[in-house]
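So you can see what is in the structure, the chains are spelled out below.
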Amino acid sequence: MVSSSLVGSLASRAVFLMSSHISSRADQATYASHTVDGLKALQTWYNRETGLWDTTGWWNSANCLTVLADFAIADPAASDSLMIPEIIQNTYDQAQKTPVQATKVLGISGLPVSTYTRISKRSEIEKRGFDNFLNDYYDDEGWWALAMIHSYDVGVKGIGDQQYLQAAVDIFEDMKKGNSTCGGIFWSKVTPYTNAIANELYLSVAASLANRIPDRKDYFLDTAKTQWTWFKNSGLINGDNLINDGLTDDCKNNGMQTWTYNQGVILGGLVELSTATGDKSLLTQAQTIASAAITKLSKDGILFEGCEPDCGSDGSQFKGIFMRNLHYLQKAAPMEAVKNFLLTNADTIWAKNRNNQNQLGGTWEGPYTNATAGTQSSALDVLVAAAAVA
């Protein structure tokens, strides 16, 4: 259950966060310029034939697409110069035609490890690997559903916008089949584990669709409301207002890692649910979770993942997902301390975690070591957020 006692404590950290690491603050135009430079670097990993980003995995590519869509929504002119609408359509067309074999396990530390093996492409639609972005993992499906929803939000008519929203609906219907014995849905179709991230994604997808398909709003909203009622009472949210990785077989909090992305997706889901219902108290509950994460999962004002510096291809994207959803929350319910946190992280990434090719690594406070499409898109989530809230 969410306790709101931490929201006020975050405000008291605002001055500290403003002064951490960086002595000067960039302006909105500079953040947008940095984002464009970072997106150009991200696209050096884009594989037009597969519609995916090399050096990272299947679900990770959905998050690469989402950061592109979010920037396109915020800056349409720059989006056109970067050909983002065309990239979205190419990814929609080609990614589904790229057969991928997927396996997932939880490492000793609780870090998810996903392995995706691309095999030779077939042209026939009936032989697609993950037709309509469906596979054995409900979290993978949820990432692609959100990517399709944000692609729809770009609003480029005639390129595929209606296809994108229908793809998200089809994914939602598949996720809905994953009923867990603990409530909510399972992580996958092959592993009976009830984890936080799949359920947060399910909530976010349902609430997002409720806000975009008026004639079916009640249908999607019923699922979103039921999902949040279950989630907040499931035990996944611990006494520190942080969300652990999942539940045990007897449906108790398993005490595993409080990954940053588990604190993130729920924020975006609650923003969408608040929009759909008009219930502003949901934003206060989201701020409580966000405040706990910022307070307890940061080092000297910079977001930090427990697996750093070796988070693999999965963990390297977690922090960006948190910051992306914190950005959504900040737009819906502004807090000066959250704005400062986003900007401080953006300034630090650009100053201390970048090479001369504008590639961005996974350890935001630096020094830069190496980058992949996953670390790049994660850091870009922060830059997009900074450009939006500065």
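As shown above, the structure is provided for reference.
So, how was this worked out
- Residues numbered from 1 in each chain as written.
- Predicted model: local features only at pLDDT ≥ 70, side-chain atom pairs only at ≥ 80, totals over all residues.
- Heavy atoms only, no water.
- Helix = DSSP H or I, 4+ residues; strand = E, 2+ residues; numbered from the N terminus.
- Buried < 20%, exposed > 50% of the residue type's maximum accessible area, 1.4 Å probe, protein only.
- Contact = heavy atoms within 4.5 Å.
- Areas by Shrake-Rupley, 256 points an atom, 1.4 Å probe, with all protein chains shown as cover.
- 1 Å grid on protein atoms, 1.4 Å probe; cavity = no way out; pocket = protein on both sides within 12 Å on 5 of 7 lines; lining within 4 Å.
- Points joined across faces, edges and corners; volume = space filled by probe spheres on them.
- Nonpolar A, V, L, I, M, F, W, Y, C, P; charged D, E, K, R; others polar.
- Core = buried A, V, L, I, M, F, W, Y, C linked by side-chain atoms within 4.5 Å.
- Expected span 1.5 Å × (residues − 1).

Student: Which residues make up the overall build of the chain, and what are the values?
Tutor: Counting its secondary structure elements, the chain contains 16 helices and six strands. For the chain, buried positions account for 62% of its 390 residues. Long-range contacts, defined as pairs at least 24 residues apart, comprise 70% of the intrachain contacts of the chain with a sequence gap of at least 6. A total accessible area of about 14200 Å² is found for the chain, and carbon and sulfur atoms account for 51% of it.

Student: Talk me through empty space enclosed by the protein; I want residue IDs and the actual numbers.
Tutor: Per the stated rule, a full pass over the model turns up three cavities of 30 Å³ or more. What the largest cavity holds in volume is close to 70 Å³. As for the largest cavity, its lining consists of 13 residues, of which Pro112, Asp139, Trp187, Ile197 and Tyr261 are closest to the centre. Listed by contribution, the elements that provide at least two residues to the lining of the largest cavity are strand 3 (100-106) and helix 7 (138-153). Tallied by class, the residues present in the lining of the largest cavity amount to eight nonpolar, one polar and four charged. Reported here for the second largest cavity is a volume of approximately 40 Å³. Lining the second largest cavity are Thr66, Trp143, Leu146, His150, Val265, Arg324, Asn325 and Tyr328. At the level of secondary structure, the elements contributing two or more residues to the lining of the second largest cavity comprise helix 7 and helix 14 (318-332). Residue composition of the lining of the second largest cavity, by class: four nonpolar, three polar and one charged.

Student: Explain the nonpolar core residue by residue, including any values.
Tutor: One finds Trp53, Trp144, Leu209 and Leu326 to be the most contacted residues of the largest nonpolar core, which totals 122 residues. For Trp144, the residues in contact, after removing those within four places along its chain, are Leu52, Trp58, Trp59, Ser61, Ala62, Leu65, Thr91, Ala95, Phe133 and Ile171.

Student: Give me helix 10 (residues 217-233): which residues, what numbers.
Tutor: Taking 1.5 Å of rise per residue, 17 residues should cover 24 Å, and helix 10 covers 24 Å from first to last C-alpha, within 8% of that figure. Every buried residue of helix 10 is accounted for by Phe220, Leu221, Thr223, Ala224, Gln227, Trp228, Trp230, Phe231 and Lys232. On its buried side, helix 10 packs onto helix 8 (161-175), helix 9 (196-210), helix 11 (260-277) and helix 12 (281-296). Backbone geometry just downstream of helix 10 places Gly235 in the positive-phi region, at approximately 95°.

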